[in-house]
Number of protein chains: 2
Amino acid sequence: MIPDTGNATNLPNPGRSTSESRSYVAVDWGTSSFRLWRLAAGGEVLDRAAGPFGMAGLPKDGFGRVLEEQLARLSVSKNVPVIICGMAGAAQGWCEAPYIQAPTELSQLGSGAVRVPGHEREVHILPGVMQAKPCNVMRGEETQILGLVDVRPDYNGIVCLPGTHTKWVQVRDGRIEHFTTCMTGEIFSLLCNHSVLKHSTVGGGWDSCAFLEAVAQVASAPASLADSLFKLRAEMLLEHLSSSTARARLSGMLVGIELAATRSYWAEGAVALIGESSLCHNYEVALASNSVAVELLDSEAMTLGGLASAFRQLEGPHE
Amino acid sequence: MIPDTGNATNLPNPGRSTSESRSYVAVDWGTSSFRLWRLAAGGEVLDRAAGPFGMAGLPKDGFGRVLEEQLARLSVSKNVPVIICGMAGAAQGWCEAPYIQAPTELSQLGSGAVRVPGHEREVHILPGVMQAKPCNVMRGEETQILGLVDVRPDYNGIVCLPGTHTKWVQVRDGRIEHFTTCMTGEIFSLLCNHSVLKHSTVGGGWDSCAFLEAVAQVASAPASLADSLFKLRAEMLLEHLSSSTARARLSGMLVGIELAATRSYWAEGAVALIGESSLCHNYEVALASNSVAVELLDSEAMTLGGLASAFRQLEGPHE
């Protein structure tokens, strides 16, 4: 078991004497969101900020302004350093932090950080991780996995990070060995909001049985996804299918084909889940129905733990 | 072989003496488009109109106005009747024409037509076809299939109608026996225009080899669709994948899982294709690579032939 991470305001295992360290600011800067924590040297969260200031809505010269505005609101002085993970380091982000290549030691993440040039404050952006074959990339998830191995250095197994682009990652001896990506969250959102199925799902709700039935059907017969989607629309027209059944069955179909595609990851029978809690709950029941033991990890604690660990890597040994 | 349908201005086989018939107007009224033909009693196309006046953009009381505006432009007098197929007959269309249930004789289509009440001109809307189990619906494709059996009364086999919602239909002895629907076209469009893959596909183009390779890969391993989609984005980032390869591979993956889902339809080894010509060409090469004999039928000729046949059903015997 990993330590209780329910209280995300305390970083797990800062791992060093606080008197030697500086206080700093940690930022998770994604495609659509921005989350900031002001941290004491020991890892205690002193303050936080968040907003919809994601990469997708920012020009290249907008990142520095947004960051300083948020820091000014919290009265953070100019000599406090900042460490950032996520899409801010993409080519189309603030300042590109080139990918490091899997298989890779997670302890190398800090040394791959890029200091933002021309910005008065000390700002470091962590790299993402790439994989040459099969071709794949991640930005942000690697930091959460670093958070996991920071509290569990002996973690050997699979980490699944459900989300817009769900990642399945093999972790061994503090390394990311290999990983794959399924666009399950993005496709669910597109079909619910922009396809003919929006008429069937617009009422919201969730039918747990319909979810699990659809997972089982498509996981065992993945091709059936192709000619089962439109049945949701037909059943709504002819049989007044409820939106709670339609939404859950749609999600179950997409999770079902994801499980079929990632069988080699979860076939060993144990998976750690990091992500938004209701989404992780869906993956938990889907995996449990396939006799997979699941461990739920707090997403914010993993992000903060990873950023703290990477910051310590940057600061170097103080012995 | 069916007669040459390359010249869509001549309806195939009007099937009766023209002197007894009235001239009329045929309309294919879909979700996003409106196509109108003014026909001589013998089937000759005298005039045509088209526009983006689809059901999706019209209030319930807008259909009659749009139709009369188009007819006024062509100086069609008030005593000329109109026959319509497609979404204008849906519950959210102009005037609901309830589905007839498969298995169904295509010769029953005309008798399922609904005359639009309260409209001065004689306007008939053809029904769609439903299937109770597995639940499914079509509106418009049944008219094209009627067009096929009008010129080929002995057609027994599979008809595939590629499009936004591709239909696979078993036709036997002038009947629609059963059918299924794949949302391949809509999903391709959503992923190309609204997902993270838009960055990879925005340049257009078409790599035929990439299309066929992806069809083969996903048709033989349907689950691989789930973790192959994001590779397009990763390969664009890391290996500068061209948009012509990305678009064709994306389409190939979606057609591949469609072929896996509809194997029972094409496994007999012959399919007639009705639809937009470049799209049908893609299905043709995908099916040919699975040793399926393909026949391409002119979409407009099938629509006009079906509307003409249904109009004759409405008019009744003149003997």
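Residues numbered from 1 in each chain as written. Chains lettered and ligands numbered in written order. Predicted model: local features only at pLDDT ≥ 70, side-chain atom pairs only at ≥ 80, totals over all residues. Heavy atoms only, no water.

> So what's going on with the sheet that holds strand 5 (residues 100-101) of chain B? Which residues, and what values?
All names here are of chain B. Across the sheet, which stays open at both edges, the 3 strands sit in the order 5-9-10 with mixed pairing between neighbours. This sheet does not close on itself; its edge strands, each paired only once, are strand 5 and strand 10 (136-138). Relative to strand 9 (residues 129-131), strand 5 is paired through 2 bridges, and the arrangement is parallel. Bridge pairing links Gln101 to Met130 in strand 9. (Pairing = 2+ DSSP bridges. Helix = DSSP H or I, 4+ residues; strand = E, 2+ residues; numbered from the N terminus.)

> Before we move on, could you go through the relation of the copies chain B and chain A and cite the residues and values that matter?
It takes a turn of 180° to lay chain B on chain A, together with a shift of 0.0 Å along the axis; the resulting RMSD is 0.1 Å. This pairing of chains is accounted for by a two-fold axis. Among all residues of chain B, the minimum C-alpha distance to the rotation axis is found for Pro222(B), at 2.9 Å. A share of 100% of interface residues in chain B that are also interface residues in chain A marks the association as one of identical surfaces. (Least-squares fit on C-alpha atoms with pLDDT ≥ 70 in both. Contact = heavy atoms within 4.5 Å.)

> Give a detailed account of the interface of chain B and chain A, specifying residues and quantitative values.
Taken together, the contact pairs 41 residues of chain B with 41 residues of chain A. Between chain B and chain A, the buried area comes to about 3300 Å², and carbon and sulfur atoms account for 76% of it. Linking chain B to chain A there are 0 salt bridges. At the junction of chain B with chain A, the criterion picks out 4 residue pairs in polar contact (both at pLDDT 80 or more). A per-element tally of the side of chain B that touches chain A places helix 6 (residues 224-239) of chain B first, with 12 residues. Taken together, the residues of the side of chain B that touches chain A break down into 25 nonpolar, 8 polar and 8 charged. (Buried area = accessible area lost by both parts, 1.4 Å probe. Salt bridge = Lys/Arg side-chain N within 4 Å of Asp/Glu carboxyl O. Polar contact = N/O pair within 3.5 Å; in protein donor to acceptor, adjacent residues only side chain to side chain. Nonpolar A, V, L, I, M, F, W, Y, C, P; charged D, E, K, R; others polar.)

> Tell me about the nonpolar core, and please be specific about residues and values.
Soluble, globular proteins show a tendency: their nonpolar side chains are buried together. Formed by 58 residues in total, the largest nonpolar core has its most connected members in Leu191(A), Leu229(A), Leu250(A), Leu191(B), Leu229(B) and Leu250(B). Elements supplying a minimum of two residues to this core: helix 3 (184-194), helix 5 (208-220), helix 6 (224-239) and helix 7 (243-261) of chain A together with helix 3 (184-194), helix 5 (208-220), helix 6 and helix 7 (243-261) of chain B. With near-sequence residues (within four places) excluded, Leu250(A) lies in contact with Phe188(A), Leu191(A), Cys192(A), Leu197(A), Thr201(A), Leu229(A) and Leu232(A). (Core = buried A, V, L, I, M, F, W, Y, C linked by side-chain atoms within 4.5 Å. Buried < 20%, exposed > 50% of the residue type's maximum accessible area, 1.4 Å probe, protein only.)

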